[in-house]
Amino acid sequence: MSDMSAGKKGSVIFSGFRALGLYSNHLAHVLRFHQKHREFYVLTAVGQCFHTYNVKKLGIVAVSNALPEDISSLAADRMLVYAAYGKLISAFAKNKEVVHTYTGHQADVHLLLPFGDHLISVDKDNVVIIWDVESEDTYLQISYDKASFEVSALMHPSTYLNKILFGSSQGSLQLWNIKSNKLLFTFPGWASAVTVLQQTPAVDVVGVGLASGQIIVHNIRFDETLMKFQQDWGPVTALSFRTDGHPIMASGSPIGHIGLWDLEEKKFVSQMRDAQTTAIAGLTFLQNEPLLITNGADNAIRVWIFDVAGGDGRLLRQRTGHSAPPTKIRHHDQSSLNILSAGQDGTLQSFSTVHERFNKSLGHGTLNKTRAKKKGVTNDTAKLPAITTFAAETSRQSDWDGIIACHRGFLVTTTWNYQKGSIGAHKLEPERFNKNRSLNVHATAVDITSCGNFAVIALSSGHIDVYNMQSGFHRGHYGEDKAHAGAVRGVSVDALNQLTVSVGADRLLKIWRFKSKELLHTHSLPAAPASSLLHRESGMLAIALDDFTIHILDMETRRTVRRFSGHRGQINDMTFSPDGRWLITASMDCTIRTWDLPSGSLVDCFLVDAAAVSLSMSPTGNFLASSHVDGLGIYLWSNNTLCSMVSLRPLPADYEPTVIMLPGTCPSRDTEEEAVLDAESSEMDEYISPAQLDEHLITLSLLPDSRWKNLLHLDIIKKKNKPKEPPKLPKAAPFFIPTIPGLVPQFALPSTPSEDQSKIVNLGVLAQKSSFYLQLEKALDNNSYEEPVKLLRELGPSAIETELRALSPDLGGEVRVMESFLKMISSILQSKRDFDLAQAYLALFLKLHLRFIAEQPELMEEAESVSAHLEETWMSMQTLLNQNICLLSYIKSALL
């Protein structure tokens, strides 16, 4: 593939697969009921696309095709889903495909309301447009003065034909007939901006949420306020009413609390505190069911059930991701099914690549687990900050904690238990600092031994300590006082617990004996290291330096074996492929690069919109996982080399990578131009090997061995295969067209005897010359031996022997044709093609005619010429073989 086509293709190795851990953003969810399935579905916006989940299990059903911009508003009716982005609105069918696009707004659209066969949209310039859904035409356009009536909410009152109720930021409400384009009534409001309008179960009665926190239940038929409630948590963000026989209204707040109000007794019943960790974006009771669905910008969808006394809701099921971007991701076990992820929200979570139901949150880091349980995460004063790095090992995770984590700015490192799904038993802290927090020392790097028994913890003070994972006891430290003069940037233990390797800000790499803590080797680095990563199986240590280069150190020889340069920003993370051949790196220059260790070259490079913060290659090698700056999800990239033939070539130094959109956000490719490009690139991928790679190389014929290997032993084979009795003819044989014997079947055309045919036998017919014989005669004149060689290649061993026997004068041949055959062998040797065939044909020829050749001087002369060619070709071939054998034996025995 040329550089141009590679550039257009983006990445040769990786292609976007899907996103994990994305569930919701700040937009309210949309609830739909499927008549045929008799099931509720909830839709949530996630960046440029929306997800559809079934409420029964909160399993993902569909992911829509991506839009060019982030979705700003979401709505749905019975058939279509409407998503506004920028100044445009798209209608989706089957929760996936765009079927209509509505263009006409001059400003960003922020409100949508499906209304029968029409769609009502409101933009930031206060223009209301009513669209005909099918024709995409504008049915009506209403413009409001922004100073007097800025539309902030809208709804269709139940049973009010063609009527729409608009709420404004100024507090007033207007009821319009959109068919006749008339303002029917203006409600003065309650001196506060309207944030929510919601139909109650009663006709004519509407719930109005205000920015002041007031909730008004108002009869719009008689313009009469039925009841007022005051919410103390700020503006009302969402309203919903129970329809299963209980007169309960739920209200959402900007701080994540939900208030429950009894409409019969007109009082506050109970509160659901911290239902979401951010503002309640959407809040919906299911029709005739005691279920409440909530979502928020904390990347969570929750279903609450009201089945306990007191009317409070308990959490039934949820789908939660990180509410702040992940900082570190790692595949947890050898199955590649689970990815551990630490986020800036302070939580450690496990995401399944198979199904969301296998996801689990290990919770928030805390110094006092018991107190955190009593007080809750939000009120926990001993809450730990975000995890900066962690290490996990599965070998003893069923016996004790198998994960250890460093926290931002903290000296204490915490252990976590994957199977229990919570923070573990130990808080590991060295005693040398006497718990003095003013020293400003924190843990910088950790590793767990492959046996799962020991944890190695490196500090910013230069100390490296070893702890027992089961007991949490201190088991020694490296160096007399400190391991490094500066902060330790990376620490790793090899697969057999023999060696520990550490890199520090003092530009030194040190290799220690793991058990005795003795220093074995010190290696100076050209720049301060940023991080290190050890591939235990191959013993290769990758060190990312502050000058944006990467050094690969072989732990066996303790030498730097590779140096990679090309990144133009800080290297955030590195990961090895399972076989240790590739090192994949991510940098702040927004590139993800794949380096091939055996060849020492860059083989793949592509750009992403947001720089990758962390990378992890699955132990099976099928997926690369990445997390990105300001992104809440984990993105999976599939490895193309596992399912198709990918030719990897070193990329030039001036290679310009192209931007690839993140998985799950890729727009559908439907343009003809891209299809043509794909076809061209796939054509370029196919490599057809030429008949001869180079004129100087000896090339074999690639014919099956049976066609030439047994030529010298045909007489033995014939003797062995001699039939014991003659073949018996069947009594009633079917009719077959007779064929000429040979490898390529040919029909023998029957010769029709003419009436005047002579009955005298023509003896000349018996000595008829074959095609091969004629071609050899012809080649004497034009000196071109391609045709006779081609004929011989198509013949079987018996036919070849017959042809070579027929060259003898005893059987009707001639000396000059025999000479022509030897010249043919010379031409094959000179062209260096079909080397194996030349040897076999010459051997059989000499076996059949050796005595006759010795008697003919012209044949002897030609035979000596062939012998000289043969010796010259064989000597050059033998020299090459000896050189290669010598080099291989040196590589095997020499210690590089």
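Residues numbered from 1 in each chain as written. Predicted model: local features only at pLDDT ≥ 70, side-chain atom pairs only at ≥ 80, totals over all residues. Heavy atoms only, no water.

Caption draft 1: Representation of the packing of aromatic side chains. Applying the stated criterion across every chain, the model contains 18 aromatic pairs. These aromatic residues form a ring-pair network of at least three members: Tyr144, Phe149, Phe166 and Trp176. A cation over a ring is seen here: Lys517 above Tyr478, with NZ or CZ 5.7 Å from the ring centre. The cationic tip of Lys517 hangs over the ring face of Phe514; the distance from NZ or CZ to the ring centre is 5.8 Å. (Phe/Tyr/Trp six-rings, centres within 6.5 Å; stacked < 30°, edge-to-face > 60°. Lys NZ or Arg CZ within 6 Å of the ring centre and 35° of its normal.)

Caption draft 2: Representation of the sheet that holds strand β46 (residues 529-535) in the model. One open sheet holds the four strands; their spatial order is β46-β47-β48-β49, and the pairing between them is antiparallel. In this open sheet, the two edge strands, each paired with only one partner strand, are β46 and β49 (559-564). When the angles between neighbouring strand axes are averaged without regard to direction, this sheet yields 20°. Pairing geometry for strand β48 (residues 550-554) and β49, over five bridges, is antiparallel. When the bridges of β49 are listed, Asp554 appears paired with Arg559. (Pairing = 2+ DSSP bridges. Helix = DSSP H or I, 4+ residues; strand = E, 2+ residues; numbered from the N terminus. Axes fitted to C-alpha atoms, helices over the stretch in contact; angles between N-to-C directions.)

Caption draft 3: Structural view of the pairing of strand β47 (residues 540-545). Where burial is concerned, most of β47 is hidden: six out of the six residues are buried. Along β47, one buried face is formed by Met540, Ala542 and Ala544 and the opposite face, lined by Leu541, Ile543 and Leu545, is buried too. Here five bridges tie β47 to β48, and the two strands are oriented antiparallel to one another. Paired with Ile543 across the two strands is His551, which belongs to β48. The hairpin turn running from β47 into β48, its antiparallel successor, is four residues long, and Phe548 in that turn takes a positive phi close to 70°. (Buried < 20%, exposed > 50% of the residue type's maximum accessible area, 1.4 Å probe, protein only.)

Caption draft 4: Structural detail: the pairing of strand β5 (residues 60-63). In this structure, strand β4 (residues 49-54) lies alongside β5, joined through three bridges in antiparallel fashion. By the bridge assignment, Tyr53 is partnered in β5 with Ile60. Hairpin connection between β4 and β5: a loop of five residues separates the two successive antiparallel strands, and Leu58 in this loop has a positive phi of roughly 55°.

Caption draft 5: Representation of the pattern of salt bridges within the structure. Summed over all chains, the structure comprises 19 salt bridges. The salt bridge involving Glu356 is made with Arg18; its shortest N-O contact spans 3.8 Å. Of the two residues, Glu356 is situated in the loop between β32 (347-352) and β33 (360-364) and Arg18 in strand β1 (residues 14-20); the sequence distance between them amounts to 338 residues. In this structure, Glu518 and Arg513 form a salt bridge, with 3.8 Å as the shortest nitrogen-oxygen distance. (Salt bridge = Lys/Arg side-chain N within 4 Å of Asp/Glu carboxyl O.)

Caption draft 6: Up close: the confidence of the model for the protein. Here the protein shows a mean pLDDT of 87. Residues at 70 or above account for 90%. For the stretch residues 1-8, pLDDT sits under 50, and the model shows 14 contacts to residues farther than four places along the chain or on other chains. Segment residues 761-766: pLDDT under 50, and zero contacts once partners within four positions in sequence are set aside and those in other chains are kept. (pLDDT = per-residue confidence, 0-100. Contact = heavy atoms within 4.5 Å.)

Caption draft 7: Representation of the environment of Met540. Within the element layout of this structure, Met540 appears in strand β47. The exposure class of Met540 is buried, given its relative accessible area of 19%. The spacing of Met540 and His257 is 283 residues in sequence and 52 Å in space, taken between C-alpha atoms. Not counting residues within four places of it along the chain, the set of residues in contact with Met540 comprises Leu533, Leu534, His535, Ile552, Leu553, Asp554, Val561, Phe576 and Leu597.

Caption draft 8: Region of the structure containing helix α5 (residues 771-782). Here α5 is 12 residues long and its end C-alpha atoms lie 16 Å apart, about the 16 Å a rise of 1.5 Å per residue gives. Looking at α5, one finds that the buried residues are Phe772, Tyr773, Leu776, Glu777 and Ala779. Angularly, the buried residues of α5 cover 155° about the axis, an arc narrow enough to put them on a single face. Of the surrounding secondary structure, the elements contacted by the buried residues of α5 are α6 (786-794), α7 (797-805) and α8 (815-831). Positioned one or two residues after α5, Asn783 has a phi angle of 60°, which is positive. (Expected span 1.5 Å × (residues − 1). Arc of directions from axis to C-beta.)

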